[in-house]
Structure formats: structure tokens, C-alpha cells
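Fold and geometry: a report
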Amino acid sequence: MSRFSNLGHKLYQGEVSFDFVGRRKVWYSISGVIVLVAAIGLAMGLHLGIEFKGGSVYTVTKPGLSVSQTQEAVDKIVSSHPLVQSTDNGKIRIQVSSEDKTTSAEFTGKLAKEIDVPVGEIEAQVIGPSWGEQISNKALTGLVIFMILVTIYLAIAFEWRMAVAALVALIHDLLITIGVYALVGFEVTPGTVIGFLTILGYSLYDTVVVFDTVKENTKDLTKQSKLTYSEAANAGLNQTLVRSLNTTVVALLPVAALLFIGGGLLGAGTLNDISLALFIGLAAGAYSSICVATPLLAQLKEEQPELKALAKRVAQRRAADAKAAEAKAAGEDEEIADEDLPAGMVGQRGKAAGGTRAKGRPSTKR
């Protein structure tokens, strides 16, 4: 751990630096591949929960009843392959699609006989598709309003180029999360929508922290000729790198516990709805703030005329410094060559040069 903290100190002081901005084409290619795979998964379709497509929900209370036993009993009643999950309080939740024509009373009666429980221990709830449509519309409206407010805030607090870069990073994270959800086949519920909106806030927070450091590093940048904007932005990114990684890891640990332990080992399927969205979104948000938002910002900024002129001055200065270094190295090599001469010949090169210079001059000797 001390080594990691030492690394953070070296990154902040500029003693160690990773060239994220300079390798932006690599990050763009990686992001492009990930987004393409996510888009393919999204084209295959999302597995919408019953809250969005309508149907019936049955909750069974019986100690010792397993999901597999319930699934076997339900498959004998309907042929639409309903979803059976265990809830956090030990009950069994059954979701039957609205496409199935079995009435609620008929299903409840048959299920009570199959699993040997009183009908009163089975709670039935019918959900219409219009309710899910309302949730979808409200979620979409909230997302659009969120994006607009974020763009306005960043344009005022920073500048429009930072707003564009942050917006692209947000859309990048959202597409990846939704695409992974489609590929995995997890059910999309209202909890999933909450998870989607939560990761947008986290991704924005991480990006703004990096942008704030970049803004400080690039203040009055055109008054010097040592660093280009991309290099100064990369330095700011390195200064916040360890902080971003620490924040992401601390946030991912409890989410991973919900997803892999709660949903995977303990079988609480309802935890998967929000935990998968958070897990993928938090990881994608950390990646985008480092490898997408800041490199894209630097690319947009480098198109400004004053920053193009700065890059030209930096290149000219470095070329002049390189020539001076070569000249100095050549002089040192000449001195080293004298040391390699045989004994009695050291300094003869200088004497020869002196004799040549003195040729043609009158002698001062009397």
C-alpha cells in the first residue's frame, strides 16, 4: 500500500507520468470495439421486466420452498417460461407474462396444489403495460433533462469543449452499460433504471474532478513554451489518477458484494437489477474519465489557433535545445578523443591548430 501511495506522490509531482492523452487513438479504438459489441447486444433486444411489458406477479410464502421446485411446478401450469426468483425476505416471486392467457385465479389455484400451500399464502398482483410505459417515459425525460443541465453547467463553470467531452463520456458509459445488460440477459426493472441514472452522476463527478485539475494546469499556458496543452492536460490527469482509481475501487467493492455474493451465491435475484448496472457503469465511468473525456478535450482544445501556435513554439524550442545538446556532446567527444591518444601526443591536436593559426604572422621573438 505504501508503494501505491508513493506512486501517487510521484505522479502528482510529475516524477512519473503515463501518456494517456498521447495514446488517445488506442483508447478510442478500444472504446469503439466495446461500444460496437454493446450495440450488437442492444440490437438483440433487452429482457424487459414485467413492470414494462405487463403481466402478473405472484409471491409465495412457504419456508423451505426452493426456486427450482417452484420453477418445476410453474412450468406444469403455463408454457411461457415465467421468471422465478427468491426475494430478500425468503419469499418466492413468480412473474408471468401478459402473453399467457391463464387467469390469476386459475394460476393461483393450480400453483397452490402443486407446491402444497394454502391459496391464501399466494399473493397475486396484475400489472398493466401502461404503467411500464409511464416509467419509461419518465426515465427518458429525466435523462434528457439531466444531460441538458449537465451541458449548461459545464459550459458555464468550465467551457463548451469540456461540456462536449463530458457529454460524450456519459453517452459512452450509458451505451456500454445497457449493451452489457442486453448481452448478459439480465431483466430490466425500475431498479435497473435507477442504476443507470446513478452511474451517470458518478461518471460526471469523476470527469469534473479531472477537468478541474486540467483547468488549473492549463491556466496561462500560452505564456510559456515548454508544454503543449495535451502535455499539460496529461499531467493533470496523472495527478488525479490514483485518486480516481481509489474512488472507483472503494465504490466497486460493496457493489461487487451485492452482485456476486448477494445475487450469485445467495440467490437474491432482485439484487442483480441494480447491482449489475452499478458495477458496469462505475467501471466504465472511471475508464471514460481517464481514457475518453480528457483525451477528447485535449484534441478539441488543440484545434484553437493560439494553442496551435503554442505547439509550434514548443516544437521549435525543443529543436533548438536538441541542437544545443548535440553541439555540447560533440565538444565533449573531442575532449575524450584527446585522452585516448598515445603518451606524449596529448594536446598535439591543439598545438597543431595553434600552429596553423600562427602561420603568416610575424614572430615576436627578438
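Report on the accompanying structure.

Take helix α2 (residues 24-44) next. Compared with an ideal rise of 1.5 Å per residue, which puts 21 residues at 30 Å, α2 spans 30 Å between its outermost C-alpha atoms and is within 8% of the ideal. Taken together, the buried residues of α2 touch α7 (160-184) and α11 (272-301).

Attention now goes to the pattern of salt bridges. Summed over the entire model, instances satisfying the criterion amount to eight salt bridges. The salt bridge partner of Lys110 is Glu106, with a shortest N-O separation of 3.1 Å. Here Lys110 and its partner Glu106 are both found in helix α5 (residues 104-115), four residues apart, which amounts to about one turn of the helix. With relative accessibility at 37%, the residue Glu106 sits in the partly exposed group. Here the residues in one salt-bridge network are Glu159, Arg161 and Lys301, joined through shared partners.

Its identity as a non-glycine residue notwithstanding, Asp116 has a phi of 60 degrees, on the positive side. Judged by relative accessible area, Asp116 falls into the exposed class, the value being 64%. If you check the backbone angles, Asp220 has positive phi at about 55 degrees while not being a glycine. When you line up the elements, Asp220 lands in the loop between α8 (190-217) and α9 (229-239). Taking the relative accessible area as the measure of exposure, Asp220 reaches 46% and is therefore partly exposed.

A few words on the packing of helix α4 (residues 67-77) against α5. Two numbers describe a pair of packed helices, the interaxial angle and the distance between the axes. One can describe the packing of α4 onto α5 by two numbers: an axis separation of 10 Å at closest approach and a directional angle of 135 degrees. One element, α4, and the other, α5, form an angle in the oblique class. At the point where α4 passes α5, the crossing takes the right-handed sense. Two secondary-structure elements touch here, α4 through Ala73, Val74, Lys76 and Ile77 and α5 through Phe107, Lys110, Leu111, Glu114 and Ile115. When its residues are assigned to classes, the contact of α4 with α5 shows six nonpolar, no polar and three charged.

In this section: the nonpolar core. Counting 56 residues, the largest nonpolar core has Phe20, Leu154, Phe196, Phe211, Tyr229 and Leu297 as its most contacted members. Looking at this core, the elements that each hand over two or more residues are α6 (129-157), α7, α8, α9, α10 (241-265), α11 and α12 (305-339). The element best represented in this core is α11, accounting for twelve residues. Contact partners of Leu297, with chain neighbours within four places excluded, come to Arg161, Met162, Ala165, Phe211, Val214 and Tyr229. By size, the runner-up hydrophobic cluster in this structure holds 17 residues, among which are Ala73, Val74, Val84 and Val117.

Rules used in this analysis
- Residues numbered from 1 in each chain as written.
- Predicted model: local features only at pLDDT ≥ 70, side-chain atom pairs only at ≥ 80, totals over all residues.
- Heavy atoms only, no water.
- Helix = DSSP H or I, 4+ residues; strand = E, 2+ residues; numbered from the N terminus.
- Expected span 1.5 Å × (residues − 1).
- Contact = heavy atoms within 4.5 Å.
- Salt bridge = Lys/Arg side-chain N within 4 Å of Asp/Glu carboxyl O.
- Buried < 20%, exposed > 50% of the residue type's maximum accessible area, 1.4 Å probe, protein only.
- Axes fitted to C-alpha atoms, helices over the stretch in contact; angles between N-to-C directions.
- Parallel < 35°, antiparallel > 145°, perpendicular 65-115°, else oblique.
- Left-handed = near helix turned anticlockwise from the far one by under 90°.
- Nonpolar A, V, L, I, M, F, W, Y, C, P; charged D, E, K, R; others polar.
- Core = buried A, V, L, I, M, F, W, Y, C linked by side-chain atoms within 4.5 Å.

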